[in-house]
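An overview of the molecular structure
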Amino acid sequence: MRSSWLYLLLALSLAACPTPRNPNEGDDDDSADDDDDAAPDDDDTAPDDDDSADDDDDDSADDDDDTVIPVIITSASPEPGSDDHFFAADPWVRFDRAPDSAELSLSTPDGVYSTTAVDGTLMTLELPSPLAPSTIYVLVADWSPCDGCPVNIAFETGAWGEPLTSPSNTLVGPTWAVNLADANFVQPPGVGPILQSQIGDISILFSLLPSSNFSPAAQPGVHILGAMGEITNPVNNVVEQEACTETINFTTGPDGVAGTFDDEPGTWANPSLVYGPGVDVEVSVQGINTVFQDMAVSGVFAPDGSTSAGGTLTALIDTRPLAPELD
């Protein structure tokens, strides 16, 4: 009897022991499969890419669970290492395809600003207030799937945003031009390119009058005179006033005199100027007159007063007279 029990135990042990195999072959995972290395076997290819339950157990090119291709950034603003980022511009990144999830954040003395909103492949961090000029920041982008996240984009804002030392001496005298052909029409969506194709080289000219008061306590106190203009030399950016259009009294009211009851001055918040909404401006498009109603203008001047940037122009435009040209 003892020899029979011994034989039975030995038989069970032999059944539980695997047959020795070539180290380059054999089963590649521990899932419940056919567990042999006979050909063809679906799980003998080495190396296997994972041990998940729904793995088809190979590393072929068309395997549904091979390495996930990471999403990458194709462009960004500001660019890494930039030292002249415009202080009022919202940072953004663009991906090669829409990520599964993403976060864009920026630390400032006022707190951490962040967003997880992605519009297709574009992600924009809308700042509640402009950044400080001439300051170093780090924009942090984190997304999935990603290889090497988070990504830090170090940049520095330029001098834009620094106050002018003597705005009355710097800004009074020169004539400024808002080139409508180079503008970015954002509302309503889609009408901008159509309208710009018909506007041509029209510009709105304006100058700040000597009667302007730039003192903070006197705001609104900036008087603006305007006119319609046209670019006559695109290479040198020469703009000339249209001889057949009247001068536009943006801020002096119907009486055309500064300092009277009907004034509607602009507001100076060094280095920014904001005007309106105020007067209606008649614009000629392809020989057809239309009106920019309740026009408002804003912009930031450079510290030396030589140029302006970050400007916006808003107005109500009745496009019905332009319908034949816009069709």
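Residues numbered from 1 in each chain as written. Predicted model: local features only at pLDDT ≥ 70, side-chain atom pairs only at ≥ 80, totals over all residues. Heavy atoms only, no water.

**Looking at the overall build of the protein chain**
For the protein chain, the helix and strand inventory stands at four helices and 17 strands. Scored against the burial criterion, the 327 residues of the protein chain give a buried share of 31%. The contacts in the protein chain between residues at least 6 apart in sequence include a share of 49% that link residues at least 24 apart. On the protein chain, roughly 19200 Å² of surface is accessible, and the fraction owed to carbon and sulfur atoms is 53%. (Helix = DSSP H or I, 4+ residues; strand = E, 2+ residues; numbered from the N terminus. Buried < 20%, exposed > 50% of the residue type's maximum accessible area, 1.4 Å probe, protein only. Contact = heavy atoms within 4.5 Å. Areas by Shrake-Rupley, 256 points an atom, 1.4 Å probe, with all protein chains shown as cover.)

**Focus: the sheet that holds strand 1 (residues 73-77)**
An order of 1-2-5 is seen for the three strands of this open sheet, with the pairing classed as antiparallel. Sheet topology places strand 1 and strand 5 (122-124) at the edges, where each strand pairs with a single neighbour. Each strand of the sheet is rotated relative to its neighbour by a mean of 15 degrees, with strand direction disregarded. Bridge count for strand 2 (residues 92-95) against strand 5 is three bridges, and the pairing is antiparallel. Each bridged residue has a counterpart across the sheet, and for Arg94 the counterpart in strand 5 is Leu122. (Pairing = 2+ DSSP bridges. Axes fitted to C-alpha atoms, helices over the stretch in contact; angles between N-to-C directions.)

**Considering the state of the cysteines**
Disulfides are covalent bonds that link the sulfur atoms of two cysteine residues. A complete count under the given rule lists one disulfide for this structure. One disulfide in the model links Cys146 with Cys149; its S-S distance is 1.9 Å. The disulfide joining Cys146 to Cys149 has a torsion of about 95 degrees about its S-S bond and is therefore right-handed. On the basis of relative accessibility, which here comes to 26%, the residue Cys149 falls in the partly exposed class. (Disulfide = S-S within 2.5 Å.)

**Topic: the confidence of the model for the protein chain**
Chain-level statistics for the protein chain give a pLDDT mean of 77 and a share of 66% at 70 or above. For residues 1-28, every residue scores under 50 in pLDDT, and the model assigns this stretch 19 contacts once sequence neighbours within four places are set aside. (pLDDT = per-residue confidence, 0-100.)

**Notes on the packing of aromatic side chains**
The full count for this structure, using the stated rule, is eight aromatic pairs. Note on Phe86 and Phe87: the rings are 5.2 Å apart at their centroids and 75 degrees apart in plane angle, and the pair reads as edge-to-face. Of the two residues examined, Phe86 and Phe87, each falls in the buried class. A ring pair is formed by Tyr137 and Phe155, whose centres lie 5.8 Å apart and whose planes are at 25 degrees; its orientation type is stacked. Here Tyr137, found in strand 6 (residues 136-144), pairs with Phe155, found in strand 7 (residues 151-156); they are 18 residues apart in sequence, far enough to count as distant. Taking the relative accessible area as the measure of exposure, Tyr137 reaches 5% and is therefore buried. The exposure class of Phe155 is buried, given its relative accessible area of 2%. Three or more aromatic residues joined by ring pairs make a cluster, and in this case those are Trp176, Phe214, Trp268 and Phe301. (Phe/Tyr/Trp six-rings, centres within 6.5 Å; stacked < 30°, edge-to-face > 60°.)

**Side note on the pattern of salt bridges**
Pairs can form between side chains of opposite charge once their charged atoms are near each other. Within this structure, the stated rule accounts for one salt bridge. Salt-bridge contacts for Asp96 lead to Arg97; the nearest nitrogen and oxygen are separated by 3.9 Å. Residue Arg97 is classed as partly exposed on the basis of its relative accessible area, which comes to 32%. (Salt bridge = Lys/Arg side-chain N within 4 Å of Asp/Glu carboxyl O.)

**Quick word on the sheet that holds strand 7**
Reading across from one edge, 4-3-6-7 is the order of the four strands in this open sheet, with antiparallel pairing throughout. The outermost strands of the open sheet, each flanked by one partner alone, are strand 4 (111-115) and strand 7. Strand-to-strand twist in this sheet, taken as the mean axis angle between neighbours without regard to direction, amounts to 20 degrees. Direction of pairing for strand 6 relative to strand 7: antiparallel, over a ladder of six bridges. Bridge pairing in strand 7 links Val140 to Asn152.

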